[in-house]
Amino acid sequence: MSDKKFTTTSGIEIKEVYCTPSAMNERPGEFPFTRGIQKDMYRGKPWTMRQYAGFSTAEESNKRYHYLLSQGTMGLSVAFDLPTQIGYDSDHELAEGEVGKVGVAIDSLQDMEILFDGIQLQNITTSMTINATAPILLCMYIALAKKQGADIKQISGTIQNDILKEYAARGTYIYPPEASMRLITDVFEYCSKEVPKWNTISISGYHIREAGSTAVQELAFTLANGKAYLKAALQKGLDINVFAKRLSFFFNCHNNFFEEIAKFRAARRMWAHITKALGATDPGAQKLRFHTQTGGSTLTAQQPMNNIVRVSNQALAAVLGGTQSLHTNGYDEAISLPTEAAAKIALRTQQIIAFESGVTDTVDPLAGSYFIEALTNELEQGAQVYIDKIDAMGGSVKAIEQDYIQQEIARSAYEYQQDIESGEKVLVGVNKFTEAEESHVSVFRVDDAIRKTQSEKIERLKSTRNAKAVADCLHELGRAAEGSENLMPYILRSVEAYATLGEISDVLRSIFGEY
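The rules we used
Residues numbered from 1 in each chain as written. Predicted model: local features only at pLDDT ≥ 70, side-chain atom pairs only at ≥ 80, totals over all residues. Heavy atoms only, no water. Helix = DSSP H or I, 4+ residues; strand = E, 2+ residues; numbered from the N terminus. Rg over C-alpha atoms; globule rule 2.2 N^0.38 Å. Buried < 20%, exposed > 50% of the residue type's maximum accessible area, 1.4 Å probe, protein only. Contact = heavy atoms within 4.5 Å. Salt bridge = Lys/Arg side-chain N within 4 Å of Asp/Glu carboxyl O. Phe/Tyr/Trp six-rings, centres within 6.5 Å; stacked < 30°, edge-to-face > 60°. Lys NZ or Arg CZ within 6 Å of the ring centre and 35° of its normal.

**As for the overall build of the chain**
Okay, so step 1: A tally of regular secondary structure across the chain gives 20 helices and nine strands.
Okay, so step 2: Relative to the compact-globule value of 24 Å for 515 residues, the chain shows a C-alpha radius of gyration of 23 Å, a close match.
Okay, so step 3: By principal-axis analysis of the C-alpha atoms, the chain measures approximately 70 × 60 × 50 Å.
Okay, so step 4: Taken over 515 residues, the chain has a buried fraction of 57%.
Okay, so step 5: Of the contacts formed within the chain by residues at least 6 apart in sequence, a portion of 78% connects residues at least 24 apart.

Here it is as structure tokens:
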């Protein structure tokens, strides 16, 4: 607890927390955590300011990471290219045209070494947006930390590792659901013992919202997926009071300011009750911790500078909603990967909110507002209706297999688009307040020659590594995959022998099949 006093510009002292009967006199940091998971929230320390970055080669992304760290970024968020996400090396024929485009190309531990060159992993937190190949990328990160001499029990960060939302909304899955859930729970089990500070899953509502869901659907489908992961881990015999502490969430933040704030408050309350009902007694296992990214789909290519205002509005809502970590989008992301200038403005937006706005001086400052409290309740009630339907189907996996979640998202996306086209919903600069001549901004482009560079790197690696050691490790991985052993130690040994991401994925494909 800090003894520091907080005041307005007029010298009025700001209390740490305000309680009114309409807020049910709930205290922040206490079950069910509607008002926040820490009792002092940002008075203790601000949220982690992240900037999502990754493009081209590991060398190019490394330069951007050093730049962002020099500008005050507190944690790194890594974007991976499409081939990396779906388990193909850069030299695979299906990787053509996609290498380094939507993220960085990582083919082996060698690339991971270059990606974090000059950055001590024990001194930062890293979030990796990766799902189907999450166990492999995490093993590469662990292997690099070991090479740096770090105590892997002290390294911290997050892998997304949320495959259910890939089936429902995004599409970068590889294996059938049952095999994918095995890999996820293998990560839970391994990390609880070997990398205890690592967040083993970031259950993502972000991509559900980007696919066109409403705020209520984002809340419902994300928490329903969370329940599925809890139950899968419990079936494996894991202790919910241990593994649930390392689960985190990843939410979107759109333009409807008060609805987004209420959504985050409702999410904490609902998750606290979900975990408690499944046996969690430790408050740490009942807390919903989350990262927020401002809404990519809300950005417009028309009048792109308007996006700075949209991002500011969304970032402020995320902070007032109690986020633990935040990424603000660049204003140019509807056009290209963010330029360095756009990334800097996005980071400065967070810093201005944190250090100039005063909204961090008290916990849950909007609590007790009739509007906020009512909206929180209504979002919870609407989400619970969906969760009850999904439970009746047998849970998220069954609901996804029956196409229920996908159809609900598609319906909402269609209705939203109709509202824009009819003018019922105003998008400034798109369907109202338009300009005959559009403004132009600098565009960041990735060279198509990246694939050739990466392919040559793979060829050199394969000619210099110990081929027998690689073959032995991959054989042992395949044997373990046919049984029921935890696969993480086998993946880690393969990575350390410099087997490529594609080679490891292919072994698992040969056992599990493709979905």
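**Looking at the pattern of salt bridges**
Okay, so step 1: Considering all chains together, one arrives at 31 salt bridges under this definition.
Okay, so step 2: Put simply, Lys462 and Glu503 hold a salt bridge, and the shortest N to O gap is 3.8 Å. Of this pair, Lys462 sits in helix α17 (residues 450-464) while Glu503 is found in helix α20 (residues 501-512), placing the two residues 41 residues apart along the sequence.
Okay, so step 3: Using a relative accessible area of 34% as the deciding quantity, one classes Lys462 as partly exposed.

**What about the packing of aromatic side chains?**
Okay, so step 1: This model, assessed by the stated rule, comprises 19 aromatic pairs.
Okay, so step 2: Seen in terms of ring centroids, Tyr173 and Tyr515 are 5.4 Å apart; in terms of plane orientation they differ by 75 degrees. Their pairing is edge-to-face. Here Tyr173, found in the loop between α5 (164-170) and α6 (177-194), pairs with Tyr515, found in the segment after α20; they are 342 residues apart in sequence, far enough to count as distant.
Okay, so step 3: One aromatic cluster is present, built from ring pairs that chain together Phe249, Phe251, Phe264, Trp271 and Phe290.
Okay, so step 4: Over the face of the ring belonging to Tyr386 we find Lys389, whose NZ or CZ atom lies 5.8 Å from the ring centre.
Okay, so step 5: When the ring centre of Tyr88 is taken as origin, the NZ or CZ atom of Arg509, which lies over that ring, is 4.4 Å away.

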